[in-house]
Amino acid sequence: MKFSKITICCYVFFATLFQANAQTKMYAISTGELLFQSADVQFTDEYKLANPQAEVTGIPLRFTMAIHLGQNIHLDFNDNIGFYSGLALRNVGFISNERLLDEDNLLQDFKIIRRSYNLGVPLALKLGSFDKHFYIYGGAELEMQFAFKEKYWESHNRSGSKSKNTEWFGSQTDTFIPSVFAGVQFPKGINLKFTYYLDDFLNHNYKNANNPISDLRRYEQTQLMYVSVSWQFKTEKIFKKSETTE
């Protein structure tokens, strides 16, 4: 896969640079995130032609604060240039308000929430003043989607009965999804980042003949993106505080 080859080349480049630079500093950073998520969702032309009254009426902002955890290893070649990689767990997805034909072939409003828990490996270059904890960064991430959930209501305001479905490593999403991101680290630990997924969030070949709401073949595009606010702490400081408390 082209994305994987690029990632491997980047790792080799930075590893070589790390070995050649005696000033390099390495340290661990722990993170937590608040995610503000949205998506570009469109039906296929074939579905719209067969169902002219069906439409995506809105994409409400989805906010999540759990469970988002990260552990990154930073390599600073000097005070102005470095990179980081690590491991991140986060809850990503989107909300869509749709007007569809229900199981009885009647036009009905639906609020649908689809999300996945993802385990990601980021690789980012950062530039700035690390001593002042102020820098910009950008990079790419490959995430494994392992826990899918879908829930929906027969309205646009979460009223009435709720239906839901949860699957581990379900076919509703591909196993791996790549993304690119860019952000800025401010002093005092606050971090602002924008992430854009390069592939569709949902598997548009997924068929569910028993439930037309869960049938994903009507989608032509489900492009996910989010803005995150996070807090960055040196891991060693967290352990020191824990030892002091004990």
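Source: prediction; values computed, not measured.

1. Here's the deal with the side chain of E143
Thought 1: Mapped onto the secondary structure, E143 falls in strand β7 (residues 134-153).
Thought 2: Engagement of the side chain of E143 in a polar contact is seen with the side chain of R90, the distance being 3.5 Å.
Thought 3: At 2.9 Å, the side chain of E143 and the side chain of N118 are in polar contact.
Thought 4: If sequence neighbours within four positions are ignored, E143 has contacts with R90, N118, L119, G120, T175, F176, I177, S179 and Y197.

2. Details of empty space enclosed by the protein
Thought 1: Scanning the model with the defined rule gives two cavities of 30 Å³ or more in all.
Thought 2: In this structure, the largest cavity occupies an estimated 210 Å³ of space.
Thought 3: T31, N72, Y84, K193 and Q232 are the residues nearest the centre of the largest cavity, which is lined by 19 residues in total.
Thought 4: Every element with two or more residues in the lining of the largest cavity is listed here: β1 (25-43), β4 (69-76), β5 (81-101), β7, β10 (190-197) and β11 (219-234).
Thought 5: Its residues placed into classes, the lining of the largest cavity shows seven nonpolar, eight polar and four charged.
Thought 6: The calculated volume of the second largest cavity comes to roughly 40 Å³.
Thought 7: What lines the second largest cavity is F148, E150, N165, Q172, Y206, N208 and S214.
Thought 8: Its residues assigned to classes, the lining of the second largest cavity shows two nonpolar, four polar and one charged.

3. Topic: the packing of aromatic side chains
For any two aromatic rings, the description comes down to two numbers: the centre-to-centre distance and the angle of the planes.
Thought 1: Per the stated rule, a full pass over the model turns up 14 aromatic pairs.
Thought 2: Taking the centre distance of 5.1 Å and the plane angle of 40° together, the rings of F36 and F63 count as tilted. With a gap of 27 residues between them, F36 in strand β1 and F63 in strand β3 (residues 62-64) connect regions that are remote in the sequence.
Thought 3: Under the relative-accessibility criterion, F63 is labelled partly exposed at 43%.
Thought 4: Ring pairs connect the aromatic residues Y84, F130, Y135, Y137 and F181, which therefore count as one cluster.
Thought 5: The ring centre of F130 lies 4.5 Å from the NZ or CZ of K126, which sits over that ring.

Reading the values: the criteria
- Residues numbered from 1 in each chain as written.
- Predicted model: local features only at pLDDT ≥ 70, side-chain atom pairs only at ≥ 80, totals over all residues.
- Heavy atoms only, no water.
- Helix = DSSP H or I, 4+ residues; strand = E, 2+ residues; numbered from the N terminus.
- Polar contact = N/O pair within 3.5 Å; in protein donor to acceptor, adjacent residues only side chain to side chain.
- Contact = heavy atoms within 4.5 Å.
- 1 Å grid on protein atoms, 1.4 Å probe; cavity = no way out; pocket = protein on both sides within 12 Å on 5 of 7 lines; lining within 4 Å.
- Points joined across faces, edges and corners; volume = space filled by probe spheres on them.
- Nonpolar A, V, L, I, M, F, W, Y, C, P; charged D, E, K, R; others polar.
- Phe/Tyr/Trp six-rings, centres within 6.5 Å; stacked < 30°, edge-to-face > 60°.
- Buried < 20%, exposed > 50% of the residue type's maximum accessible area, 1.4 Å probe, protein only.
- Lys NZ or Arg CZ within 6 Å of the ring centre and 35° of its normal.

Coordinates in, geometry out; function isn't part of it.
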